[in-house]
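Read off the chains here:
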Amino acid sequence: MPDHFEIDLETARRRRSLKWRRYSADVIPLWVAEMDFPLAPAVTERLAGMVERSDFGYPPEPPEETNSEFRAVVAAWMNRRHQWEVDPEMVSITPDTMRAIEIAIERFTDPGDPVVLSDPVYYPFRVAIEEAGRRPLWVPMVESNRRWVLDLEALAAAFAPGNVQLFLHCSPHNPTGTVFTADEQQSIAALAEQHNVIVVADEVHADLAYDASHIPFATINPEIAARTITASAASKAFNFAGLRCGFVIAGDQRLHEQVQSVPIRDRKLASLAGYEATIAAYGGGASWLESLHRHLREMRDHVIGRLAMIEESLVVANPEASYLLWTDWRQIDLAPDPATYLRENAGVALSSGDDFGPSGTGFLRLNFGTSRAILDEALDRIEDALAGS
Ligand SMILES: Cc1ncc(COP(=O)(O)O)c(C=O)c1O
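The notes below deal with the structure included here. Everything numeric in this text was worked out from a predicted model, so none of it was measured. (Residues numbered from 1 in each chain as written. Predicted model: local features only at pLDDT ≥ 70, side-chain atom pairs only at ≥ 80, totals over all residues. Heavy atoms only, no water.)

## Examining the overall build of the chain
Along its length, the chain carries 15 helices and 13 strands. Taken against the 2.2 N^0.38 rule, which gives 21 Å for 389 residues, the C-alpha radius of gyration of the chain at 21 Å falls within 12% of a compact globule. A principal-axis box enclosing the C-alpha atoms of the chain has dimensions of 60 × 55 × 35 Å. For the chain, with 389 residues in total, the buried portion stands at 57%. Considering only residue pairs separated by 6 or more positions, the chain has 74% of its internal contacts joining residues 24 or more positions apart. (Helix = DSSP H or I, 4+ residues; strand = E, 2+ residues; numbered from the N terminus. Rg over C-alpha atoms; globule rule 2.2 N^0.38 Å. Buried < 20%, exposed > 50% of the residue type's maximum accessible area, 1.4 Å probe, protein only. Contact = heavy atoms within 4.5 Å.)

In structure tokens:
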């Protein structure tokens, strides 16, 4: 697939998704986490079949038994791809990953309770915690050699008072791109066990791990599985977030029953197109995913190389997964803030670090899930704007 990932700006601009519509047409959008590539052929074919049949009715409704094909495909993928033996019976369908996280917050904590999350982290975690009337309890991440890990002493201190029920574990990590090692996962698991904390493992970036093997949190040991709810979707790696379909894998029967006890009107339904696209992606998308990994690795190296030439201190991460680069703009004086400055003066939109947690001020997240041509145009613009700043 030599040209599959080399789309040009004009073609990309025809897209009608949020990424391409939030800002004016002259702005290059490198913000929200969606990529600009054509779909995997297996997904396109399946969706074309739906169009041909005019098959846009209601999706198969729970009870989950009616979704046996979906659950079996998810379980088989986890087994093949992540060496995780998933019991299909433990899979529940959700409209997206975030709904699964919201359900866990509602089910396992009470209003006013603290919910632990890393600083920085994917910003809707904080929003979901606050909207449910719970309190975000931030645990800092620390960086060494461009790799970000949780501060385990701070995690232990957060759990220590004994009033924490839930930890939202973003693994692989957005926005830093860390794929946690077995040792790191085991240390987190040991603390969760010691303090009787339930872990929601958001593993939506797992299929995008290209420099290290992702270790599903629930595979650490059976005790940790019994306190782990994994939230994920095929839509991040296969790039169909707008189709709305995700899933939860409960680590044991007790957790599964708690997820299932949420009334379906609150759990909400996935879309039929998302449901079909997930089956197609997990059933026939593995080789496309390999070529995507190659492209993302190249783009990561390219962007890091160019940013380092512009200003070395910008580069503070070297993602092992996904297409998001956490960058540090604190050494450059850009008013009123780096995101606004670059949007207004370079015509490039990045995600503002402020949204990702208290430590995010002065940082920006750059989405490199696009073509080299689009990235080069954006980086040329950034370079020119900084030269004139
Ligand atoms: C870590 C993480 N979790 C959840 C989501 C949202 O996924 P969904 O659209 O399935 O809710 C994203 C989207 O970028 C993400 O990065």
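## Brief notes about the layout of surface pockets
To find leftover empty space, one rolls a probe the size of a water molecule over the atoms. Taken as a whole, the largest pocket encloses approximately 820 Å³ of empty space. Contributing to the lining of the largest pocket are 34 residues, with Ala33, Lys236, Ala241, Gly242 and Arg244 lying nearest its centre. Among the elements that line the lining of the largest pocket, the one with the most residues is helix α5 (residues 97-108), at 3 residues. Among the residues making up the lining of the largest pocket, the classes are represented as 19 nonpolar, 7 polar and 8 charged. In this structure, the second largest pocket spans a volume of roughly 160 Å³. Taken together, Arg22, Tyr23, Trp31, Tyr123, Asp337, Ala339, Thr340, Arg343, Leu350, Ser351, Ser352 and Asp355 make up the full set of residues lining the second largest pocket. Contributions of two or more residues to the lining of the second largest pocket are made by α14 (338-345) and β12 (351-352). For the lining of the second largest pocket, the leading source of residues is α14, giving 3 residues. For the lining of the second largest pocket, the residue count by class is 5 nonpolar, 3 polar and 4 charged. (1 Å grid on protein atoms, 1.4 Å probe; cavity = no way out; pocket = protein on both sides within 12 Å on 5 of 7 lines; lining within 4 Å. Points joined across faces, edges and corners; volume = space filled by probe spheres on them. Nonpolar A, V, L, I, M, F, W, Y, C, P; charged D, E, K, R; others polar.)

## So, unusual backbone geometry
At the junction of Ser171 and Pro172, the peptide bond is cis and its omega measures out at -5 degrees in the coordinates. Relative to the helices and strands, Pro172 is located in the loop between β6 (166-170) and α8 (182-194). Following Ala335, the chain continues into Pro336 via a peptide bond in cis, with omega recorded as 0 degrees. By the secondary structure assignment, Pro336 is in the loop between β10 (324-328) and α14.

## Focus on the side chain of Ser118
Inspection of the secondary structure puts Ser118 in strand β3 (residues 114-119). For Ser118, the side chain forms a polar contact with the main-chain oxygen of Pro120, separated by 3.0 Å. A polar side-chain atom of Ser118 sits 3.0 Å from a polar atom in the side chain of His173. (Polar contact = N/O pair within 3.5 Å; in protein donor to acceptor, adjacent residues only side chain to side chain.)

## A closer look at the sheet that holds β3
A sheet is described by the order of its strands in space; here 8 strands give the open sequence β2-β9-β8-β7-β6-β3-β4-β5, paired in mixed fashion. A strand with exactly one partner marks an edge of an open sheet, and here the two such strands are β2 (91-94) and β5 (147-150). Recorded for the sheet is a direction-independent mean angle of 25 degrees between the axes of neighbouring strands. Inspection of the sheet shows strand β7 (residues 198-202) paired to strand β8 (residues 228-232) by 4 bridges, in the parallel sense. Within β8, the residue paired with Ala201 across the bridge is Thr230. Across the sheet, helix α6 (residues 124-131) lies against β3, β4 (135-144), β6 and β7, angled at about 160 degrees from β4, the strand it touches most. (Pairing = 2+ DSSP bridges. Axes fitted to C-alpha atoms, helices over the stretch in contact; angles between N-to-C directions.)

## Things to note about the pairing of strand β9 (residues 246-250)
Burial of β9 is extensive: 5 of the 5 residues sit out of reach of the surface. What you see with β9 is no split at all: Gly246, Val248 and Ala250 on one side and Phe247 and Ile249 on the other are buried throughout. Summarising the sheet, β2 and β9 pair through 4 bridges and their orientation is antiparallel. Of the residues in β9, the one forming a bridge with Ile93 is Phe247. Of the strand pairs in this sheet, β8 and β9 are connected by 4 bridges, and their pairing is antiparallel. Each bridged residue has a counterpart across the sheet, and for Ile229 the counterpart in β9 is Ala250.

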